[in-house]
Structure formats: C-alpha cells, structure tokens
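# Overview (structure and organization)
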Amino acid sequence: MMLPGEGEGGGPITRKRIVLATVAVAVAVGYYFLSRKLGSLDLQSLLHDISHTLGAWTYLLVGLFAFAETGAFVGLVVPGETVMLLGGAVAGQGAIDIYLLIAIAWFSAWLGDTTSFFLGRRLGREFVLRHGPQVGISNERFEKVEDYFGRHGGKTIFIGRFISLVRAFAPFIAGSSGMQYRAFVPYSVLGTGLWASAHILVGYFFSRSIETAGKYAAKGAFLLATLIVVVVGIVWLYRRFREPENRENAVRWMEGHGATRWLVVLGRKPQFRFFWDRVTPGGTFGLEFTSLMAILAVGLFVVVAYAVAVGAHPGPTPGDETAQEIVEHLRSGALTSIAKAITWLGSGGVVIALAALCAALLAWRRRWTEFWVLVAGMAIALAGVEVLKEAVDRPRPAGGLVDTSGSSFPSGHAAHSVFYLWLAVTIVLRLRPGMARGALVVTAGFALTALIGLSRVYLGVHYLSDVSGGWALGALAFSLPAAVGLVVSQVRQNPEQ
C-alpha cells in the first residue's frame, strides 16, 4: 500500500514530475485537436497564398534572420532554421528564385558570423559574463559553450553552425579568444553555406507537395525515434569508453571474434588515422584543407547558380545592367587602350604559354605537387569554359569594342586569369614561404585577376555575370586539384602517420 505523497517506486511525487506529466497531457490533447483542425485545411493552397503574400520580401526576411542568428544573438530566441525552411517553401511555389535566396542567406549568415566575431574581439568575454544574465544568458550557459569551443577549436565554427546554442555564441567566443580571422573565415563560409542550403532546399522540395510531406511524416517520426535511440547509445558508449580499461576490454573482445577483428586492424592502420585527422576541421592541415574546400564550395555554387539563371533568361541581369551603366560613364580613349592591353593578358594563348613555362620550371625543380596542380587546374578551367559555353549558349552583349566569337557565359578570360592569383599564392605559401613582401605579391595577383575580368565588361564583350561565373570556374578549377595535392603531399611527407 502506497503512502500519500509516494509513487510506485516508493519515492516522493515531486512537483517537477507533476508539471512534466501535466505538460505531456496538454501537448497530447493539443496535438489531437490541432491535427483534426489541420486535416480540414488545404495546406497546399494555404502555402500558395502565403508565398504570394510575402513575394520578394522573403529575400529580406531570410537575409535578416540569417544575419541576426549570430550577428545579434537572435538564434537564442528564434531558431533561424524555421525562417530558412519558410523561405525555401516560398521559392518552391515559384514566387522567388531559389539560387538567389541561397546566395542571400549564405552571405547574410557569413556576415552575421563575421560581425559576431569582431564584436567578440572588441568586447571580450567579460562583457557577456557581466551583462549576459540581464538578457537570459547565464554565466553557466556561456561557459559551457566556451569550454566546448576551447576543447574543439576550429571545428566548433563548422559543426557548431548546426547546434543552436553553440551557433549563437561560437563566432563571438572565437573573436574574444584571440582566434585569427583568417583561421576563422573558411570554417564560417563552409558552415553557413551548408546550413543555409540544407534548410532552404528541404523547404523548397517539400513545398511542391504538402500531401507528399504528410505521407513521410510517420516515417520521419520513426526515424526521429531511431535517431534519439542512436544518440543516447552513442552518449552511453562515449562515457563508458572514456575509461582506458573499458577500451582495452572492448578491443580484446573484438580481436577474439572474426566478424569484428577487421575493424581493429583497420583502426590501427596509420592511413586511416591520418585520413580521419585530415578531414576533421581543425589543426594546421585542417585549416588549409578547409580553406580550399570553402573556395571550392563557393565557386561551384556561383557557377551552377549563374548557369541556371542565365540559361533560363539569357538577357542581362539587374547587376549586369548597373555595370553597363557605370562603364558607359567611364569610357575614354586612354582607358580603352589600357583595357585592351590588360585583356590580352587573359587570352587563352598567353595564359597557356605562361602556364606551360611555369610547369616546365616546376618540373625542373622537381616540385611535382605544384606541377600537377597547375596542369590539372588549367585543364579543368579550359574544358569547363568550353562545356559551359556550349551548354548555356548565351548571346554576347551588342556593341563590343573588340572582335569576339562564341557564346558569352562564362568569360574564358576571367577563368584563365585565376592562374595569376594561383601563381602568386603558390609562390608565397609553397615555393617561397616567409618571403618578404609576400602580401604584396598576392595582392598583385588578385588585382591582375580582377582587372582582366573587369576589362571584358569594360570592352562590352561580356556581362558582369559572365565574368563572375568565369572567376568562380577558375577558382574551383584550381582549388580542387590543390586540395588533392595537399593531401597527397602530406601523406608522402608523413609516411609514419
């Protein structure tokens, strides 16, 4: 017989348990009536109405929330994922462009991270610890995130973007902890890009058919339950195997069974450990590799987005029209002569000749990694230009100041010009590390790449979007083999790993 105030286990019935039970019942009742109510609504029609009500304002809404998620710590109150999903759903109804929406969300989220980073550098952790409790940010909550960041370094910026609490604070803590911005930015670019794209695309695809989404709801609930079980299991295993004795016992057990022995053998291979360390964001190698992956991701997105956009509407974009208006006000005889000289440096014949000379010098010095990166990068850029020109087949602007042929997108000169930037960076970071005035060399390479592309807009033979697509193509063409070459060179230099 239970005494008053005791539960079945003989323990006291606490107020917390009563509150939890009440909340559970309320949620169940609310879900029952809400599901009955939603069942009578035409959700597809409702989403259609919302989409056309928001219209182009969705760009602003998504951009503001993507920025404020970290730039103003709004993510602590309103998760940005909700707005990203809504934006994707609006795009799925055809009211706005999905590629432009992702670009705005990506840029705004990165800008929010950057703002939070420099706020952290300016104010420091003492500011949050002193004023945080006034806005619901307890010292304990902040210190948990700070401890997580301190233990995991750069990967917190990347992985933390998908964890609401960590996401809101991580850029600020990175700035206040003294992290260099050049070490921060590649993780931020990759993290914000994946985060924004994933949530917007989910909203985009499911908005096409709410009924289809409903059919998957039950499967989603099952998967969610499975995920919870898996996460709980992982946490339990992690806590158990923190003890060296438990790890040793587990390894001995796995070695004694044929079905699991191969896992032990694989885990002990130096190549496996080396690969795992290299693909995990963080560390000296991770920073360089992640930087290349960030460049590759941005370049690939820009190329695909522009190819789809101008393929569907070959005319000038609003940005192209603005650039053309600026050019018309700047044109003069002297500038035209300078532009013709600069654009010559980006022609295929000149760049290929210079690249061949550089490749010969690299081979002579036995710098095989840089040699193959150069050869592969030029091959990808040249082939990519031809393939995209044929696939998109965009007419060139009328009234060009030099003779041209072929379609407009992408600009081959802009794609080729990335060679100069690659050469400058390779000299400073790989061939002559620590050289005096290295920043000046990189700046010169960047300026030449930019001027060659802009000269094509000035001469009226390409739109600005053609040039932007060309730059992006060149960036991904060189970053992909550079990432592969980086891994290969590390493996060769560290055979014992």
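Residues numbered from 1 in each chain as written. Predicted model: local features only at pLDDT ≥ 70, side-chain atom pairs only at ≥ 80, totals over all residues. Heavy atoms only, no water.

Quick look at the overall build of the protein now. Across its full length, the protein holds 22 helices and zero strands. Among the 497 residues that make up the protein, the fraction classed as buried is 38%. When contacts within the protein are restricted to residue pairs at least 6 apart in sequence, long-range pairs at least 24 apart make up 76% of them. Of the accessible surface of the protein, which amounts to about 28100 Å², a share of 68% is contributed by carbon and sulfur atoms. (Helix = DSSP H or I, 4+ residues; strand = E, 2+ residues; numbered from the N terminus. Buried < 20%, exposed > 50% of the residue type's maximum accessible area, 1.4 Å probe, protein only. Contact = heavy atoms within 4.5 Å. Areas by Shrake-Rupley, 256 points an atom, 1.4 Å probe, with all protein chains shown as cover.)

Time to look at the nonpolar core. One finds Met84, Leu101 and Ile200 to be the most contacted residues of the largest nonpolar core, which totals 33 residues. Looking at this core, the elements with two or more residues in it are α3 (57–71), α4 (80–92), α5 (98–123), α8 (155–159), α9 (164–176), α10 (181–207) and α15 (283–312). Ranked by residues supplied to this core, first place goes to α10 with nine residues. If we skip the residues at most four places from it in the chain, Leu101 touches Thr58, Tyr59, Val62, Gly87, Gly88, Ala91, Ile96 and Ile200. Counting 23 residues, the second-largest nonpolar core is a separate cluster that includes Val350, Ala355, Ala359 and Ala482. (Core = buried A, V, L, I, M, F, W, Y, C linked by side-chain atoms within 4.5 Å.)

Turning our attention to helix α17 (residues 333–344). With 12 residues, α17 should reach 16 Å at 1.5 Å per residue; the first-to-last C-alpha distance of 17 Å fits that figure. Turning to α17, its buried residues number three or more, namely Thr336, Ala339, Ile342 and Thr343. For α17, the angular spread of buried residues about the axis comes to 125 degrees, placing them on one side. For α17, the exposed residues lying more than 90 degrees away from the buried face are Gly333, Ala334 and Trp344. (Expected span 1.5 Å × (residues − 1). Arc of directions from axis to C-beta.)

Moving on, we come to the packing of aromatic side chains. Each aromatic ring pair is described using two quantities: the centre-to-centre distance and the angle formed by the ring planes. Scanning the model with the defined rule gives 11 aromatic pairs in all. Here Trp106 and Phe301 contribute two aromatic rings whose centre-to-centre distance is 5.5 Å and whose plane-to-plane angle is 65 degrees, an arrangement assigned as edge-to-face. Of this pair, Trp106 sits in helix α5 while Phe301 sits in helix α15, and the two are 195 residues apart along the sequence. Ring pairs connect the aromatic residues Phe117, Phe118, Tyr181 and Phe184, which therefore count as one cluster. Here Arg331 stacks its cationic end above the ring of Tyr458, 5.9 Å away from the centre of that ring. (Phe/Tyr/Trp six-rings, centres within 6.5 Å; stacked < 30°, edge-to-face > 60°. Lys NZ or Arg CZ within 6 Å of the ring centre and 35° of its normal.)

Detailed reading of the predicted coordinates is not advisable wherever pLDDT is low. Residues of the protein with pLDDT of at least 70 account for 66%, and the chain-wide mean is 76. In the model of the protein, helix α14 (residues 270–279) stands out as the element of lowest mean pLDDT, 52, in contrast to helix α18 (residues 348–364), which has the highest, 94. Counting interchain partners and residues more than four positions distant, the pLDDT-below-50 stretch residues 1–13 has 11 contacts. Note that pLDDT drops below 50 for residues 37–41; the model gives that stretch one contact with residues more than four away or on any other chain. (pLDDT = per-residue confidence, 0-100.)

In this section: the side chain of Thr192. Note that Thr192 resides in helix α10. One polar contact links the side chain of Thr192 to the main-chain carbonyl oxygen of Val189, over a distance of 3.2 Å. Those residues in contact with Thr192, other than ones at most four positions away along the chain, are Trp106, Ala109, Trp110, Asp113 and Arg161. (Polar contact = N/O pair within 3.5 Å; in protein donor to acceptor, adjacent residues only side chain to side chain.)

Attention shifts here to the packing of α17 against helix α21 (residues 438–458). Two numbers describe how α17 lies on α21: the axes approach to 9 Å, and their chain directions differ by 130 degrees. Between α17 and α21, the crossing angle belongs to the class labelled oblique. Two packed elements cross with a definite hand, and for α17 against α21 that hand is left-handed. When α17 is examined against α21, the residues Leu335, Thr336, Ala339, Ile342 and Thr343 are found in contact with a partner set consisting of Leu451, Ile452, Ser455, Arg456 and Tyr458. In terms of residue class, the contact of α17 with α21 is built from six nonpolar, three polar and one charged. (Axes fitted to C-alpha atoms, helices over the stretch in contact; angles between N-to-C directions. Parallel < 35°, antiparallel > 145°, perpendicular 65-115°, else oblique. Left-handed = near helix turned anticlockwise from the far one by under 90°. Nonpolar A, V, L, I, M, F, W, Y, C, P; charged D, E, K, R; others polar.)

Attention shifts here to the packing of helix α20 (residues 412–431) against α21. Interhelical geometry of α20 versus α21 gives an angle of 180 degrees and a closest axis separation of 8 Å. Looking at the two axes, α20 sits roughly antiparallel to α21. Every residue of α21 that contacts α20 at His413, Ala414, Ser417, Val418, Tyr420, Leu421, Ala424, Val425 and Val428 is listed here: Gly438, Val441, Val442, Gly445, Phe446, Leu448, Thr449, Ile452, Gly453 and Arg456.

The subject of this paragraph is the pattern of salt bridges. The full count for this structure, using the stated rule, is four salt bridges. Note that Glu370 is salt-bridged to Arg430, the shortest N-O span being 3.3 Å. Remark: Arg430 occurs in helix α20 and Glu370 occurs in helix α19 (residues 368–392); sequence separation between them is 60 residues. With a shortest N-O distance of 2.7 Å, Arg394 and Asp466 are connected by a salt bridge. Taken as a pair, Arg394 in the loop between α19 and α20 and Asp466 in helix α22 (residues 464–493) lie far apart in primary sequence, 72 residues in all. For the pair shown, Arg394 and Asp466 are each scored as buried. Because the salt bridges share partners, they merge into one network encompassing Asp320, Arg394 and Asp466. (Salt bridge = Lys/Arg side-chain N within 4 Å of Asp/Glu carboxyl O.)

With respect to the helices and strands, His413 occurs in helix α20. Judged by its relative accessible area of 16%, His413 falls in the buried class. Look past the residues within four positions of His413 in its chain and what remains in contact with it is Thr343, Gly346, Ser347, Ile452 and Arg456.

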